[in-house]
Amino acid sequence: MERRAQRVQPPKMYQVVMLNDDYTPMEFVIAVLQELFSKDRETATQIMLKIHLDGRGICGVFPRDIAATKVDQVHQAALKAGHPLQATLEPVE
Ligand code: TYC
């Protein structure tokens, strides 16, 4: 086998992107960012405001299975609370 083929590649990384909407309370988004993405309150507030203004924002970067789990957890939490908050994952270029 070629030397090249044997090298272990780092896992491809995925960013969890949260989307803005008109209904989810700002406090709920801040709580999700703190609890699911381990952000401190100030960082969570900054990310939430960025999403609110730009329409989307990055919550974190993870290997694919972890990113997919985070997206799922956001949706579960939003569903449970009755908010339309959406998140998605995208490969990091
Ligand atoms: N736009 C929402 C509001 O004004 C707040 C919000 C921020 C919603 C970020 C979703 O991902 C989001 N209540």
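Residues numbered from 1 in each chain as written. Predicted model: local features only at pLDDT ≥ 70, side-chain atom pairs only at ≥ 80, totals over all residues. Heavy atoms only, no water.

**Let's talk about the packing of helix α2 (residues 26-37) against helix α3 (residues 41-54)**
- Remark: α2 packs on α3, axes separated minimally by 9 Å, with the N-to-C direction vectors making an angle of 125°. Here α3 runs oblique to α2, going by the angle between their axes. The way α2 lies across α3 gives a crossing that is right-handed. Across from Met-26, Glu-27, Val-29, Ile-30, Leu-33 and Gln-34 in α2, the residues of α3 making contact are Arg-41, Ala-44, Thr-45, Ile-47, Met-48 and His-52.
- Taken together, the residues that form the contact of α2 with α3 break down as 7 nonpolar, 3 polar and 2 charged. (Axes fitted to C-alpha atoms, helices over the stretch in contact; angles between N-to-C directions. Helix = DSSP H or I, 4+ residues; strand = E, 2+ residues; numbered from the N terminus. Parallel < 35°, antiparallel > 145°, perpendicular 65-115°, else oblique. Left-handed = near helix turned anticlockwise from the far one by under 90°. Contact = heavy atoms within 4.5 Å. Nonpolar A, V, L, I, M, F, W, Y, C, P; charged D, E, K, R; others polar.)

**Quick word on the pairing of strand β1 (residues 13-19)**
- Taking burial as the measure, the 7 residues of β1 include 5 buried ones, the bulk of the element.
- For β1 and strand β2 (residues 56-63), the ladder comprises 7 bridges, and the chain directions are antiparallel. When the sheet's bridge partners are listed, Met-18 is paired in β2 with Gly-57.
- Note: β1 against strand β3 (residues 86-91), 6 bridges, orientation antiparallel. Across the sheet, residue Val-16 finds its bridge partner in β3, namely Leu-89. (Buried < 20%, exposed > 50% of the residue type's maximum accessible area, 1.4 Å probe, protein only. Pairing = 2+ DSSP bridges.)

**Looking at the site of the ligand**
- Close contacts around the ligand come from Met-18, Leu-19, Asn-20, Asp-21, Thr-24, Met-26, Val-29, Met-48, Ile-51, His-52 and Leu-85, and that covers them all.
- One of the side-chain N or O atoms of Asn-20 is found 2.8 Å from a nitrogen atom in the ligand.
- Out of a free accessible area of 350 Å², the ligand has 89% covered by protein chains.
- Contributing elements (two or more residues each) for the shell around the ligand: β1, α2 and α3.
- It is α3 that contributes the most residues to the shell around the ligand, 3 residues altogether.
- Residue composition of the shell around the ligand, grouped by class: 7 nonpolar, 3 polar and 1 charged. (Near = heavy atom within 4 Å. Polar contact = N/O pair within 3.5 Å; in protein donor to acceptor, adjacent residues only side chain to side chain. Areas by Shrake-Rupley, 256 points an atom, 1.4 Å probe, with all protein chains shown as cover.)

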